[in-house]
Amino acid sequence: MSTTPPPRPAAPSGTPRPAPGEDTVRHTAEHSAEHTAEDGAFGWLHALGPRGRRAFAGAFGGYALDSYDYFTLPLSMVALAAYFRLDSGQTGLFTTVTLVVSAVGGAVAGVVADRVGRVRALMITVITYAVFTVACGFAPSYETLLVFRALQGLGFGGEWAVGAILVAEYASARHRGRTLGAVQSSWAVGWGLAAIVYTLVFSFADDDLAWRVMFWTGALPALLVVWLRRRVHDAPTATAAREQDPRRGSFTAIFRPGRDGAPGLLRTTVFASLLSTGVQGGYYTLATWVPTYLKSERGLSVVGTGGYLTFLISGAFLGYLTGGHLTDRLGRRANIWLFALLSAVCILAYANIPQGADTLLLVLGFPLGFCMSAIFSGFGSYLSELYPTAVRGTGQGFTYNTGRAVGAVFPTLVGFLADSWGVGGALVFGAIGYGLAALALLGLPETRGEELA
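Residues numbered from 1 in each chain as written. Predicted model: local features only at pLDDT ≥ 70, side-chain atom pairs only at ≥ 80, totals over all residues. Heavy atoms only, no water.

A.B. asks: Which residues make up the overall build of the protein, and what values go with them?
C.D. replies: Within the protein one finds 19 helices and 0 strands. Out of the 453 residues in the protein, the part that is buried amounts to 57%. Restricting to contacts in the protein with at least 6 residues of sequence separation, those with at least 24 account for 84%. If you sum the accessible surface of the protein, you get close to 18400 Å²; carbon and sulfur atoms cover 66% of it. (Helix = DSSP H or I, 4+ residues; strand = E, 2+ residues; numbered from the N terminus. Buried < 20%, exposed > 50% of the residue type's maximum accessible area, 1.4 Å probe, protein only. Contact = heavy atoms within 4.5 Å. Areas by Shrake-Rupley, 256 points an atom, 1.4 Å probe, with all protein chains shown as cover.)

A.B. asks: Which residues make up empty space enclosed by the protein, and what values do they have?
C.D. replies: All told, the structure shown has 3 cavities of 30 Å³ or more when counted by the stated rule. Looking at the largest cavity, its volume works out to about 50 Å³. Together, Tyr 63, Gln 184, Trp 187, Gln 280, Tyr 283, Tyr 284, Tyr 320, Phe 376 and Tyr 400 line the largest cavity. Secondary-structure elements contributing two or more residues to the lining of the largest cavity are helix H6 (176-204) and helix H11 (266-296). (1 Å grid on protein atoms, 1.4 Å probe; cavity = no way out; pocket = protein on both sides within 12 Å on 5 of 7 lines; lining within 4 Å. Points joined across faces, edges and corners; volume = space filled by probe spheres on them.)

A.B. asks: Break down the packing of helix H13 (residues 332-351) against helix H19 (residues 429-440) for me, with residues and values.
C.D. replies: Relative placement of two packed helices is described by the angle separating their axes and the distance separating the axes. Taken N-terminus to C-terminus, the directions of H13 and H19 make an angle of 165°; their axes are 8 Å apart at the nearest point. Relative to H19, the element H13 lies roughly antiparallel. Seen from above, H13 lies across H19 with left-handed handedness. Counting all contacts with H13, which are made through Trp 337, Ala 340, Ser 343, Ala 344, Ile 347 and Leu 348, the residues of H19 involved are Gly 430, Ala 431, Tyr 434 and Ala 438. Split by residue class, the contact of H13 with H19 holds 8 nonpolar, 2 polar and no charged. (Axes fitted to C-alpha atoms, helices over the stretch in contact; angles between N-to-C directions. Parallel < 35°, antiparallel > 145°, perpendicular 65-115°, else oblique. Left-handed = near helix turned anticlockwise from the far one by under 90°. Nonpolar A, V, L, I, M, F, W, Y, C, P; charged D, E, K, R; others polar.)

A.B. asks: Break down unusual backbone geometry for me, citing the residues and quoting the values.
C.D. replies: Residue Arg 85 is not a glycine yet carries a positive backbone phi of 55°. Among the secondary structure elements, Arg 85 is positioned in the loop between helix H2 (43-84) and helix H3 (88-116).

A.B. asks: Any details on H3? Residues and values, ideally.
C.D. replies: End to end, H3 covers 42 Å across 29 residues, agreeing with the expected 42 Å (1.5 Å per residue, within 8%). Capping the start of H3 is the job of one residue whose side-chain oxygen sits 2.8 Å from the backbone nitrogen of Gln 90: Asp 87. In the segment just after H3, Gly 117 is the residue with positive phi, at about 115°. (Expected span 1.5 Å × (residues − 1). Polar contact = N/O pair within 3.5 Å; in protein donor to acceptor, adjacent residues only side chain to side chain.)

A.B. asks: Talk me through the environment of Asn 335; I want residue IDs and the actual numbers.
C.D. replies: Note on placement: Asn 335 falls in helix H13. Residue contacts for Asn 335: discarding those within four places in its chain leaves Gly 323, Leu 326, Thr 327, Ala 374 and Gly 378.

A.B. asks: Would you mind going over the pattern of salt bridges in detail, with residue names and values included?
C.D. replies: One pass over the full model with this rule turns up 9 salt bridges. Its salt-bridge partner being Arg 247, residue Asp 245 comes within 3.1 Å of it at the nearest N-O pair. Judged by its relative accessible area of 34%, Arg 247 is partly exposed. A salt bridge links Arg 332 to Glu 385; the shortest N-O distance between them is 2.6 Å. Linking Arg 332 in helix H13 with Glu 385 in helix H15 (residues 379-386), this pair joins segments that are 53 residues apart in sequence. Here the two residues Arg 332 and Glu 385 agree in accessibility, since each one is buried. The structure contains a network of salt bridges with shared partners spanning Arg 176, Arg 178, Asp 328, Arg 332 and Glu 385. (Salt bridge = Lys/Arg side-chain N within 4 Å of Asp/Glu carboxyl O.)

A.B. asks: Which residues make up the packing of aromatic side chains, and what are the values?
C.D. replies: Taken as a whole and judged by the stated rule, the model has 24 aromatic pairs. Between Phe 56 and Phe 60, the aromatic rings sit 5.8 Å apart at their centres with planes inclined by 40°, giving tilted as the arrangement. Note that Phe 56 and Phe 60 are positioned in helix H2 at a spacing of 4 residues, about one turn of the helix. Residue classification places Phe 60 among the partly exposed residues on the basis of a relative accessible area of 23%. Aromatic side chains Tyr 63 and Trp 187 sit 5.1 Å apart centroid to centroid with 40° between the ring planes, which places their arrangement in the tilted category. (Phe/Tyr/Trp six-rings, centres within 6.5 Å; stacked < 30°, edge-to-face > 60°.)

A.B. asks: I'd like a description of a nonpolar patch on the surface, backed by residues and values.
C.D. replies: A cluster of nonpolar side chains, namely Phe 251, Phe 255, Leu 266, Val 270 and Leu 274, defines an oily patch on the protein surface of about 370 Å² accessible area. Of all the elements, H11 adds the most residues to the nonpolar patch, at 3 residues. Within the element layout of this structure, Phe 251 appears in helix H10 (residues 251-254). What makes Phe 251 partly exposed here is its relative accessible area of 34%. (Patch = residues over 30% accessible without salt bridge, like charges linked within 9 Å, V, L, I, M, F, W, Y side chains within 5 Å.)

A.B. asks: Break down the confidence of the model for the protein for me, citing the residues and quoting the values.
C.D. replies: Looking at the protein, pLDDT values average 82 and 82% of them are 70 or higher. This stretch, residues 1-15, has a pLDDT under 50; its non-local contacts, to residues over four places away or in other chains, come to 3 contacts. Confidence drops under a pLDDT of 50 for residues 24-34, and excluding neighbours within four residues, the segment shows 1 contact in the predicted structure. (pLDDT = per-residue confidence, 0-100.)

A.B. asks: Could you give an account of the nonpolar core, naming the residues involved and the relevant values?
C.D. replies: Core analysis: the largest hydrophobic core is formed by 112 residues, its most contacted members being Leu 145, Trp 187, Leu 275, Tyr 283 and Phe 379. The dominant element in this core, judged by the number of residues it contributes, is H2, at 17 residues. (Core = buried A, V, L, I, M, F, W, Y, C linked by side-chain atoms within 4.5 Å.)

A.B. asks: Outline helix H9 (residues 236-243), listing residues and values.
C.D. replies: Within H9, burial applies to Ala 238, Thr 239 and Arg 242. When H9 is viewed along its axis, its buried side chains cluster within an angular range of 100° and face the same direction. Looking at the packing, one finds that the buried side of H9 touches H3 and helix H4 (118-136). (Arc of directions from axis to C-beta.)

A.B. asks: Before we move on, could you go through the environment of Trp 44 and cite the residues and values that matter?
C.D. replies: Mapped onto the fold, Trp 44 is located in helix H2. Residue class for Trp 44 comes out buried when judged on its relative accessible area of 12%. For the pair Trp 44 and Gly 177, spaced 133 residues apart in sequence, the C-alpha separation works out to 9.3 Å.

In C-alpha cells form, the structure reads like this:
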C-alpha cells in the first residue's frame, strides 16, 4: 500500500498559494490565540463554547431566582411572626420544613435529570418553586403557609443540583471549579435582589401586606422557563454516555458497596452526604437567623438591616468567585477544609460582638459572607466528579439535598434555643456544622482534573 500522501487540490484561479509552512504558522497562531483567551480572567467562560455559555446563563439565572424565592421567607420572618403570633420555634420550623422537603425534591429531580435530561428537569424545578412561592403570599393561616412553603421546597431542592450538572458537563476539567463557582455566585445575586426588594417593599407598605407582596414577586422565575425551553440544550457527549448506560437514574447504584475488587458508590454517598450536612447546617443557620438577629437583638431598622446585609452579601458574592478559583488551584478538599475553619471562626466572632459595637458588626459581616460562601464554590464540581454520568444527577441530587434536610435541624435548634440563649448565642451551632464537614472530607478522594463524559 502506498504511503505517499494524496496531492493537494489545486487552488482556485486567482487564489494565492500559501508559502511553505504558512499553514503551520497560521494553525499555531490560532491555537495560541485560543489558549491565551482561555487563560484570561474569563477564560473559563470562553472555554464553554456558545452552547455551554447558554447553559451557564440558564443555570445562573435559575439559581439566582431560586435564591431570591428562598430569601423571601427569612427577610419577612419578623413580620410573619407578628402577623400569625408565632414563637421562635414555630418560625424556625418554616426553614426546617422547606429544607427537609427540598431533600425529597432534590433527590427526585436528580433521578429525573438522569432519565429525561438536565434541561427538562431544570424547567420543572423552576416552575415548581415559582408557583408555590406565589401561593405563600395568599396563605390565610400559619398551617397553610407551612404547607405551601414545604411544596416550594420541592422545586428549591432540585434546581441547584440539576443546573450545576448541566454546566459541569460542558466545562473543561481545567476550569470546572471556577465555572461552577461562578454559577454558585448567583445565589448572592438572588440574595441581594431579595434584600433590595425587601427594603423597598417594607419601607412603603404596611408589614401585614408587605410580607405577602414579597412572596408574590416570586413569580419572576416563570419567565426564565420560556427562555430555557428555546435556547438551552444538554451537553451532547454526556447525553450520549448517559442514554447508553442502563444504570441511569438508579438509586440502587449510588448505594451499592464495592465487591470483588470493583469499586462501589456507597462510601462516596455516605461521606458526601455528611459533608453537605455540615456545610449547609452552618450556612442555613446564618441565612435564616442573621436578619432576625440584627432586628431583634441589635435593634436595627429595615433600612439598617439592609445596609448590614449589603456587606454580608457582597462578601458572599466575592467568596463564591474566589472559592471557585481556589478550588481549581488548591484542589477540592483543600478549599473546603480552609473555608470550613475560617467560617467557624467568623461565626463565633460574629455572635460574640459586644452590644454597641455596631461598626464592628458591619465590618465583620464581609468576611463572614465571604467564607461561608467560598466553601460552596467547589461543591458543584466536586459532587459532579464523584459520580459517573449515568447517576450523576441521582448522586448529586441525593447527597446535596440530604445535607439540606439534616442540616435543617440547625436553624430549628437555634429557634428553640433563642428564647433562653438569645439568637446570637445560639448561632454557635453553625460552627459545629463546619467541623462536621471537615471530618467528612477524610472519607472522600480528591477529584481535581477529572474529565466528565
